[in-house]
Amino acid sequence: MCCGKTTLATALSQKTGLPQIDLDSYIEEKEGRSVTEIFNAEGEAAFREMERTALREMAGKDGYIISCGGGTPCFHDNIEFMNTVGETVFLDASEDILLKRLLKYQDGRPLVEGKSPEQVKEVIKNGLAVRKPFYMKAKYRWNPDRLDTDNEIRESVENFLKSYSHLLPWRISMQKS
């Protein structure tokens, strides 16, 4: 939560002209209800199966930037599958940045809504303890700590592209700045 997946994917899409797909939004559109509604009505196991199916449907879309939820790599064989069909990047945000962003955007996030800073910090620590081993299986790592202002986003995208342009289709070099 709040590591910058959507922010970075959207900015990369705008800069490169590559289409961007948010996996949760894709599932919501396909199911006609929100992720929260799916969780509440059918439970996490049902959502994770929908997520697994959606991920495999996305695999056939070459030249896309796909952002997935933080739990996606941690279930079924998703991270292994993602590594076989595309390039994977773990957005390795610092715990301090995650705390700052989650405190700012607590509303609508059931895991942290209404919690004290200490409680949110504990959610982050516990979440990373469980999920980071899966995240570390990604092919690449990127620090997304500088994505909070338009200037930081612009600089981060430029730095990301300098570091990882080899991951994107050749047409990126043809795009205007």
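Residues numbered from 1 in each chain as written. Predicted model: local features only at pLDDT ≥ 70, side-chain atom pairs only at ≥ 80, totals over all residues. Heavy atoms only, no water.

### Structural notes on the overall build of the protein chain
So, point 1. Of regular secondary structure, the protein chain possesses eight helices and four strands.
So, point 2. Helices and strands appear in the protein chain in the N-to-C order α-β-α-α-α-β-α-β-α-α-β-α.
So, point 3. A compact globule built from 177 residues would reach a C-alpha radius of gyration of about 16 Å, and the protein chain, at 16 Å, matches this within 12%.
So, point 4. In terms of principal-axis extent, the alpha carbons of the protein chain reach across some 45 × 35 × 30 Å.
So, point 5. Classification of the 177 residues of the protein chain by burial places 38% in the buried group.
So, point 6. Intrachain contacts of the protein chain at a sequence separation of at least 6 include 69% that bridge at least 24 residues.
So, point 7. When the accessible surface of the protein chain is split by element, carbon and sulfur atoms take 51% of a total near 10200 Å². (Helix = DSSP H or I, 4+ residues; strand = E, 2+ residues; numbered from the N terminus. Rg over C-alpha atoms; globule rule 2.2 N^0.38 Å. Buried < 20%, exposed > 50% of the residue type's maximum accessible area, 1.4 Å probe, protein only. Contact = heavy atoms within 4.5 Å. Areas by Shrake-Rupley, 256 points an atom, 1.4 Å probe, with all protein chains shown as cover.)

### Focus on unusual backbone geometry
So, point 1. Even without being a glycine, cysteine 2 presents a positive backbone phi close to 65°.
So, point 2. Looking at the element boundaries, cysteine 2 is found in the segment before α1 (5-16).
So, point 3. One non-glycine residue with positive phi stands out, namely histidine 76, at about 50°.
So, point 4. Here histidine 76 is to be found in the loop between β2 (65-67) and α5 (78-85).

### Considerations on the environment of isoleucine 38
So, point 1. You can see isoleucine 38 is positioned in helix α3 (residues 35-42).
So, point 2. Using a relative accessible area of 0% as the deciding quantity, one classes isoleucine 38 as buried.
So, point 3. Separated by twelve residues in the primary sequence, isoleucine 38 and methionine 50 place their C-alpha atoms 9.7 Å from one another.
So, point 4. Not counting residues within four places of it along the chain, the set of residues in contact with isoleucine 38 comprises Ile27, Glu31, Arg33, Gly43, Phe47 and Met50.

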